[in-house]
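Descriptive structure summary
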Amino acid sequence: MPFQGVDFYDTESLFAEDERAVRDTVRRWVDEAVIPIIGDHYVQGTFPLHLAPKMAELGLFGANLPEEYGCAGLNNVAYGLIMQELERGDSGVRSFASVQGALVMYPIYAFGSEEQKQRWLPRLAGGEAIGCFGLTEPDFGSNPGGMITTARETADGWVLNGAKMWITNGSTAQVAIIWAKTGALDDPQSIRGFIVPTDTKGFSAKDQKGKLSLRASDTSELVLQDVKVGRDALLPKSGGVKSPLMCLTQARYGIAWGAVGAAMACFAEAVSYAKTRVIFDRPIGGFQIQQARLADMLTEITKAQLLCVQLGRLKDRGSATPEQVSLAKRNNVDMATEVARETRRLLGANGILAEYQAMRHLANLESVYTYEGTHDIHTLVLGQAITGLDAFR
Amino acid sequence: MKIAVCIKRVPDTETRIKIAADGRSIDESGVKFVLNPYDEYAVEEALRRKEAAGSGEVVVIALGPDAAQETIRTALAMGADRGVLLQADARVLDPSVIARALVAELRDGGYDLVLFGKLAIDDYHHAVGPMVAELLRLPCVSAAARLELGDGKATAEREVEGGVEVVEFPLPAVLTADKGLNEPRYPALKGIMAAKKKPLEVKPVTLEAGGLEVLELALPPERKPGRILGEGPGAVPALIRALRTEAKVL
């Protein structure tokens with residue numbers, strides 16, 4: 001049976017016809033192509049790369065970027081609904097699209113030359129090239145400004161050296177956006193972005209082994225050893241740590257929606273299970289303790305949905321702030337993790353099986369809680385916004 | 001190749017239908033409406049024919065309320081070129097009334113092929129396509145599962161009880177699509193955006209009187225929930241007993 005959505009507050013009426021049409025297309029595709037296979041990929045620890053061509057054909061990559069570069073030119077609410085539906089399938093599938101769109105295509109769009117945009121964006125939108133985003137390093141996660149990857153200018157280009165960690169799509173990608181310091185190591189303002197084809201000599205990627213979360217996703221470590229690229233590899237309009245953080249704001253915006261999708265999937269599973277699982281001669285949904293669980297889930301999902309819609313409208317108006325995005329990412333991922341955990345518990349022993357979705361979503365969301373700005377860092381971002389006092393610098 | 005596809009806005013198959021207070025219509029509040037699934041096959045077939053021919057036009061036509069514009073735009077998002085809404089506020093339940101309104105639009109359209117879904121999932125009439133063919137004096141192939149177009153003529157296959165019927169017919173013709181005719185595409189995101197800019201003409205129509213009146217609608221009786229008698233081979237005796245004594249099917 002196709003997914004019916006969770007909509008207690010008639011949020012449907014807040015969406016325009018084309019926004020709903022986009023959502024319904026992705027919803028249907030996720031039901032047919034993702035849900036039936038994702039559990040096996042998760043258990044095997046493989047990313048379902050065969051989905052990429054269809055995702056490209058549907059227009060899911062960089063869908064909020066302009067049509068002149070081969071993208072769908074959607075507004076941010078429609079883009080958010082795509083992320084919601086993808087993550088309803090799996091956080092790994094949403095991450096794949098998030099990285100391609102918000103962390104690879106967006107920086108080329110925002111900081112690239114016209115020539116770079118013409119060259120890369122249509123290929124990335126069409127799925128002919130898959131991209132990854134190299135910012136985080138083994139010792140620099142929440143503090144990207146401290147990075148030690150360097151780019152040194154030579155007579156005919158740049159030489160990059162360093163290592164990047166926790167890189168989604170790292171082993172799959174044909175192209176990497178690498179952030180490196182062009183100046184002194186204590187100068188975060190010298191951070192620039194580079195477009196690096198992954199078959200460049202000295203570039204290697206290694207799959208991160210032993211993950212208990214995001215198992216249906218490629219997470220890799222990148223090593224750059226004397227990687228030589230031409231002058232045209234530099235993203236000319238990138239400058240300072242602010243540039244990669246702008247990309248992360250784009251991705252976090254999608255995550256806020258994606259988390260709602262994961263929570264909706266879990267809630268639907270919880271409701272269905274509660275109504276059919278019979279213990280003490282009646283469905284467990286008739287017991288107050290499960291009803292309290294379901295009531296809390298529905299309440300939190302509803303609040304998160306409304307948060308997303310308004311954030312999306314603000315973003316379309318051009319007035320959404322990074323702090324508002326932080327609030328939504330922080331709240332919604334925490335909410336979704338909680339919904340997944342409570343669903344896992346409501347399902348009893350069955351809840352630990354891959355046949356059900358809850359524990360897969362729960363394990364995934366623990367990563368989402370930590371990546372793209374940890375929950376704690378977003379707490380401090382909000383603390384700073386409230387008090388004007390900086391707690392982490 | 002100029003192809004018309006007649007489509008209908010119907011309640012989603014997953015919708016829980018409620019009967020309105022008048023007892024003769026459904027309560028549409030909160031009901032999600034979709035493009036009739038059989039019409040999706042018709043739209044897809046039209047698009048494939050146009051793509052194979054390399055040129056032509058696919059026109060989607062719907063009779064219905066203003067909200068049916070959304071259904072037309074779904075077909076436009078799939079790739080149809082333009083839409084026509086024959087706007088009628090009342091929900092028309094008489095297929096002959098619908099057929100006559102469509103014929104008025106189709107007659108001078110110069111279409112090589114007029115496609116329908118074989119039935120609308122809300123009323124299950126199977127009737128509008130053949131009626132339109134009759135009124136236009138065109139050959140009609142109903143429930144086609146395969147179509148091959150030739151020069152001025154075509155062949156189609158129909159899945160009949162226990163076999164396949166192959167029919168040949170001259171064009172222009174009316175064809176109603178069965179499941180299996182093709183695999184309908186999803187409206188891609190670019191298609192959805194492009195659909196907003198495609199022409200959609202709204203023509204208010206005055207419907208003629210029909211000969212059919214709906215007296216009453218009723219929901220099927222509620223089915224009793226199933227019962228699990230046990231698991232594995234151990235449950236077989238209890239199952240046989242229940243089938244004999246309760247269901248009385250053995």
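Residues numbered from 1 in each chain as written. Chains lettered and ligands numbered in written order. Predicted model: local features only at pLDDT ≥ 70, side-chain atom pairs only at ≥ 80, totals over all residues. Heavy atoms only, no water.

1. Structural notes on the overall build of chain A
- Of regular secondary structure, chain A possesses 10 helices and nine strands.
- In chain A, buried positions account for 55% of the 393 residues.
- Roughly 16000 Å² of accessible area belongs to chain A as shown, and the carbon and sulfur atoms make up 54% of that amount.
- Across chain A, the 39 positively charged side chains and the 45 negatively charged ones have centroids separated by 2 Å. (Helix = DSSP H or I, 4+ residues; strand = E, 2+ residues; numbered from the N terminus. Buried < 20%, exposed > 50% of the residue type's maximum accessible area, 1.4 Å probe, protein only. Areas by Shrake-Rupley, 256 points an atom, 1.4 Å probe, with all protein chains shown as cover. Lys, Arg positive; Asp, Glu negative; His and termini not counted. Charge placed at Lys NZ, Arg CZ, Asp CG, Glu CD.)

2. Examining the overall build of chain B
- When helices and strands are tallied, chain B shows six helices and 11 strands.
- Based on the C-alpha atoms only, the size of chain B along its principal axes is roughly 65 × 45 × 40 Å.
- Across chain B, the fraction of contacts at a sequence separation of at least 24, relative to all contacts at a separation of at least 6, is 71%.
- In the structure as shown, chain B presents an accessible area of about 13600 Å², 51% of it carried by carbon and sulfur atoms.
- If the 33 positive side-chain charges of chain B are averaged to one point and the 38 negative ones to another, these points end up 4 Å apart. (Contact = heavy atoms within 4.5 Å.)

3. Section: helix H4 (residues 128–136) of chain B
Residues and elements named next belong to chain B.
- Buried residues of H4: Val-128, Gly-129, Val-132, Ala-133 and Leu-136, and no others. Along the axis of H4, the buried positions cluster into a sector of 135 degrees, meaning they face one direction only.
- At its buried positions, H4 is contacted by helix H3 (95–106), strand S6 (113–117), strand S7 (140–149) and strand S10 (173–177). (Arc of directions from axis to C-beta.)

4. Brief notes about the domain arrangement of chain B
- Under the domain assignment, chain B is made up of domain 1 (2–204) and domain 2 (222–250).
- The gap between the C-alpha centroids of domain 1 of chain B and domain 2 of chain B is 44 Å. (Domains from an automatic or database assignment.)

5. Quick word on the packing of helix H4 (residues 91–111) of chain A against helix H5 (residues 114–125) of chain A
Residue and element names in this part refer to chain A.
- Two elements in contact, H4 and H5, have axes separated by 9 Å at closest approach and are oriented at 160 degrees. Put simply, H4 runs roughly antiparallel to H5. When you trace H4 past H5, the crossing you get is left-handed. Residues Gln-100, Val-104, Met-105, Ile-108 and Tyr-109 of H4 pack against Gln-116, Lys-117, Trp-120, Leu-121, Leu-124 and Ala-125 of H5.
- Tallied by class, residues from the contact of H4 with H5 come to eight nonpolar, two polar and one charged. (Axes fitted to C-alpha atoms, helices over the stretch in contact; angles between N-to-C directions. Parallel < 35°, antiparallel > 145°, perpendicular 65-115°, else oblique. Left-handed = near helix turned anticlockwise from the far one by under 90°. Nonpolar A, V, L, I, M, F, W, Y, C, P; charged D, E, K, R; others polar.)

6. Let's talk about the packing of helix H6 (residues 242–276) of chain A against helix H8 (residues 322–346) of chain A
Residue and element names in this part refer to chain A.
- Where H6 contacts H8, the two axes come as close as 8 Å, and the packing angle between them is 20 degrees. The pairing of H6 with H8 is recorded here as roughly parallel in orientation. Seen from above, H6 lies across H8 with left-handed handedness.
- Residue composition of the contact of H6 with H8, grouped by class: 20 nonpolar, three polar and three charged.

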